[in-house]
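Fold and geometry: a report
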Amino acid sequence: KREIGDMLARRMHAEFSKHYDMDYDILRELLVEFIKLFCITEVNNVDITLSRERANAVAKAVAYISQHYTEKITIDTLCKISAMSRRVFTKSFKIVTGLAVVEFITSLRLDSARYYILFTEKTGSEIAELCGFCDKAHLSRVFSSNYKMSPTEFKRQNLSKAIILDREQAQRWNWTKSETKTT
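No experiment lies behind these values; they were computed from the predicted model shown.

1. Quick word on the overall build of the protein
Scanning the protein from terminus to terminus reveals 10 helices and zero strands. Reading the helices (α) and strands (β) of the protein from amino to carboxyl end gives α-α-α-α-α-α-α-α-α-α. Counting only carbon and sulfur atoms, one obtains 55% of the accessible surface of the protein, whose full area is about 11100 Å².

Next comes the structure, spelled out in structure tokens:
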């Protein structure tokens, strides 16, 4: 789901950028709204016992996570946002998203880290802080367990793909010149 979402966001932004002057952040916000709708639809298709109210509550939590994944997020905070008990929330979240809460947050953080690794010259510590990881070691540990390679190896293996993206595309994606990889 993460890869499909990533691909969808990039394709949508590339298409919209051809015809409209659309900022990547605006598109991201639209995708958050889409996710909210998708969560409700997914619930209706998969498990009719999950009420629309619970689906909406999970959608609120997903939106909150999408906007605050770089910060420390607790299940208790998400339970307050969704007005559900911990047990009901975690079960409902898993039904709607297909992932546990921690897995969902981690996937957003890792997606963000991949972009910083490939398209910026930021240090591991800076990337960890920007993506919501405790420190560089935590980022490296989580990254390695998910991608079976270190962030450095990931950059080395994927740098040629990143170079293909020209400056115009990088600017459309709202990366500043100081963050864009120069070769």
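2. Quick look at helix α6 (residues 101–119)
The terminal C-alpha atoms of α6, which comprises 19 residues, lie 28 Å apart, in line with the 27 Å expected from a rise of 1.5 Å per residue. Most of α6 is tucked away, with 16 of its 19 residues classed as buried.

3. Things to note about the pattern of salt bridges
Counted by the stated rule, this structure contains three salt bridges. Residues Arg 86 and Asp 76 are paired through a salt bridge, measuring 3.0 Å at the closest nitrogen-oxygen approach. Separated by 10 residues along the polypeptide, Arg 86 in helix α5 (residues 86–97) and Asp 76 in helix α4 (residues 75–82) bring together distant segments of the chain. For Asp 76, a relative accessible area of 44% corresponds to the partly exposed category. With a closest N to O distance of 2.8 Å, Glu 153 and Arg 156 form a salt bridge.

4. Describing the packing of aromatic side chains
Taken as a whole and assessed by the stated rule, the structure comprises six aromatic pairs. Considering the side-chain rings of Phe 89 and Phe 93, the 5.6 Å spacing of their centres and the 45 degrees angle between planes classify their relative orientation as tilted. Highlighted residues: Phe 89 and Phe 93, both in helix α5, separated by four residues, approximately one helical turn. Across the pair, exposure class does not vary: Phe 89 and Phe 93 are buried alike.

5. Notes on the confidence of the model for the protein
Per-residue pLDDT for the protein has a mean of 76; in total, 60% of the residues score no lower than 70. Counting contacts from residues 174–183, a segment whose pLDDT is below 50, to residues more than four positions away or on other chains yields 23 contacts.

6. Remarks on helix α7 (residues 124–131)
Those residues of α7 that fall on the buried side of the exposure criterion are Ile 127, Ala 128 and Cys 131. Viewed along the axis of α7, the buried residues span an arc of 100 degrees, placing them on a single side of the element. Turning to α7, the residues buried within the fold contact α6 and α8 (136–147). Count one or two residues on from α7 and you reach Gly 132, which has phi positive near 90 degrees.

7. Topic: unusual backbone geometry
The phi angle at Ala 83 is positive, at roughly 55 degrees, despite the residue not being glycine. Along the polypeptide, Ala 83 turns up in the loop between α4 and α5. Residue classification places Ala 83 among the exposed residues on the basis of a relative accessible area of 68%. In this model, Lys 148 sits at a positive phi of 60 degrees, which is unusual for a non-glycine residue. Tracing the backbone shows Lys 148 in the loop between α8 and α9 (151–164).

Calculation rules
- Residues numbered from 1 in each chain as written.
- Predicted model: local features only at pLDDT ≥ 70, side-chain atom pairs only at ≥ 80, totals over all residues.
- Heavy atoms only, no water.
- Helix = DSSP H or I, 4+ residues; strand = E, 2+ residues; numbered from the N terminus.
- Areas by Shrake-Rupley, 256 points an atom, 1.4 Å probe, with all protein chains shown as cover.
- Expected span 1.5 Å × (residues − 1).
- Buried < 20%, exposed > 50% of the residue type's maximum accessible area, 1.4 Å probe, protein only.
- Salt bridge = Lys/Arg side-chain N within 4 Å of Asp/Glu carboxyl O.
- Phe/Tyr/Trp six-rings, centres within 6.5 Å; stacked < 30°, edge-to-face > 60°.
- pLDDT = per-residue confidence, 0-100.
- Contact = heavy atoms within 4.5 Å.
- Arc of directions from axis to C-beta.

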